Amino acid sequence: MFSPKDMQLERGWPGRIDGDRVVQLAAQTLQAFFTGGGEAREHAEYALDDIVLRAPVLHPPSIRIFGRDGDFTFADPTAIHGPDDVVYLPKGATGIVPVVRLAAIVGAREQIAGYTLMNDWEAPDLSGAKARDFATSLGPVVVTSDELQVHDVDFQALAAHARENTRLVPGDIIVAPGGARKEMVGPGAVAEISLGPWPFGVLRNPVAQRGGAATS
């Protein structure tokens, strides 16, 4: 998802990156694009320097984060942040820890449609669910499932478990077990995460104290 820098859009548009350009796709959201089979008419082209990348899914219906025991917990779908969005320290926290994870996005027919980076922020000063429900970052790009073969994470098995006694819908997020914890960061820092050689880019977020200023 992206927005031209000179336009104030709530969620942006789906787009296809082609070198140093982004091609706008005729779909309202990434979910709609995947539901349509991953095909859409192409509209205007924009230079990468003239756009802002957004969260791939701004309002996911659900976020399931799997543990190594094969079970999962739910994350807060209302706390999504995109690339370069400011992440504020939650009340009572002196710092927050970036946690690097690989996330899959559900498309049509309950199938995995693409993959993206996820920063599963944690506030060690807080306890229980409140240590994690204040922010989740996604992006900056989505790599479609036909472009990327994920050998060490069986997302199809995770999706099958997730849909037991329920169903998955486009935009649901399924997060792989594991995750790499980074050093704690505080106000004024810019957290950066990536996943080795995989083509997800770098997900950056300035960190700030609510009511204060962030640097970038």
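Please refer to the structure higher up on the page.
Before going into details, it helps to say that this report is about the structure given with it.

Basis of the calculations
- Residues numbered from 1 in each chain as written.
- Predicted model: local features only at pLDDT ≥ 70, side-chain atom pairs only at ≥ 80, totals over all residues.
- Heavy atoms only, no water.
- Helix = DSSP H or I, 4+ residues; strand = E, 2+ residues; numbered from the N terminus.
- Buried < 20%, exposed > 50% of the residue type's maximum accessible area, 1.4 Å probe, protein only.
- Contact = heavy atoms within 4.5 Å.
- Arc of directions from axis to C-beta.
- Salt bridge = Lys/Arg side-chain N within 4 Å of Asp/Glu carboxyl O.
- Phe/Tyr/Trp six-rings, centres within 6.5 Å; stacked < 30°, edge-to-face > 60°.
- Pairing = 2+ DSSP bridges.
- Core = buried A, V, L, I, M, F, W, Y, C linked by side-chain atoms within 4.5 Å.
- 1 Å grid on protein atoms, 1.4 Å probe; cavity = no way out; pocket = protein on both sides within 12 Å on 5 of 7 lines; lining within 4 Å.
- Points joined across faces, edges and corners; volume = space filled by probe spheres on them.
- Nonpolar A, V, L, I, M, F, W, Y, C, P; charged D, E, K, R; others polar.

### Let's talk about the side chain of Ser62
Structurally, Ser62 is set in the loop between strand S5 (51-53) and strand S6 (63-66). Taking the relative accessible area as the measure of exposure, Ser62 reaches 11% and is therefore buried. Excluding its chain neighbours within four sequence positions, the residues that come into contact with Ser62 are Phe74, Gly171, Asp172 and Ile173.

### Section: helix H2 (residues 155-162)
Along an α-helix, residues three or four apart share an orientation, since each turn contains 3.6 residues. Along H2, the residues that are buried comprise Phe155, Leu158, Ala159 and Ala162. Buried residues of H2 fall within an arc of 100° about the axis and therefore sit on the same side. Tucked into the core, H2 has its buried residues touching S6, strand S7 (72-74), strand S10 (99-106), strand S11 (112-119) and strand S14 (173-175).

### What about the pattern of salt bridges?
Throughout the structure, instances matching the rule amount to ten salt bridges. In this structure, Glu122 and Arg132 form a salt bridge, with 3.3 Å as the shortest nitrogen-oxygen distance. Here the residue Glu122 occupies a position in the loop between S11 and strand S12 (136-138), and Arg132 occupies one in the loop between S11 and S12, the gap between them amounting to ten residues. On the basis of relative accessibility, which here comes to 17%, the residue Glu122 falls in the buried class. A single salt-bridge network, built from bridges that share partners, covers Arg101, Asp120, Glu122, Arg132 and Arg181.

### Some details on the packing of aromatic side chains
As enumerated under the stated definition, the model contains eight aromatic pairs in all. A centroid spacing of 5.2 Å and a plane angle of 55° characterise the contact between Phe66 and Phe72, whose relative ring orientation is tilted. Through pairs of rings, three or more aromatic residues link up here, namely Phe2, Trp13 and Tyr46.

### Section: the sheet that holds strand S16 (residues 190-193)
With mixed pairing, three strands are arranged side by side in an open sheet as S9-S17-S16. Each edge of the sheet is formed by a strand with only one pairing partner; in this case those strands are strand S9 (87-88) and S16. Note: S16 against strand S17 (residues 203-208), four bridges, orientation antiparallel. Paired with Ala191 across the bridge in S17 is Asn205.

### Section: the pairing of strand S3 (residues 21-25)
Among the five residues in S3, four count as buried, and that is most of the element. Inspection of the sheet shows strand S2 (residues 15-18) paired to S3 by four bridges, in the antiparallel sense. Residue pairing for S3: Gly15 is matched across the bridge by Gln24. Alignment of S3 against strand S4 (residues 42-47), held across four bridges, turns out to be antiparallel. Residue pairing across strands places Leu25 opposite Glu42, the latter belonging to S4.

### Some thoughts on the nonpolar core
Ranked by internal contacts, the top residues of the largest apolar core, which has 20 residues, are Ile112, Tyr115, Leu117, Phe155, Leu168, Ile174 and Phe200. Here Ile174 is in contact with Arg64, Phe66, Leu102, Ala103, Ala104, Val106, Ile112, Phe155, Leu158, Ala159, Ala162 and Leu168, once residues within four sequence places are set aside. With 19 residues, the next largest nonpolar core counts Ala27, Val57, Ile65 and Ala75 among its residues.

### With respect to the environment of Glu39
Its place among the elements puts Glu39 in the loop between helix H1 (30-35) and S4. Distance from Glu39 to Ala27, taken between C-alpha atoms, is 9.1 Å for residues twelve residues apart in sequence.

### With respect to the layout of surface pockets
Here the largest pocket is characterised by a volume of approximately 780 Å³. Looking at the lining of the largest pocket, the elements with two or more residues in it are S2, S3, H1, S11 and strand S13 (143-144). Along the lines of polarity and charge, the residues of the lining of the largest pocket split into 20 nonpolar, seven polar and six charged. Space inside the second largest pocket adds up to approximately 380 Å³. Secondary-structure elements contributing two or more residues to the lining of the second largest pocket are strand S1 (2-4), H1 and S5. Among the residues forming the lining of the second largest pocket, the class breakdown is 13 nonpolar, six polar and five charged.

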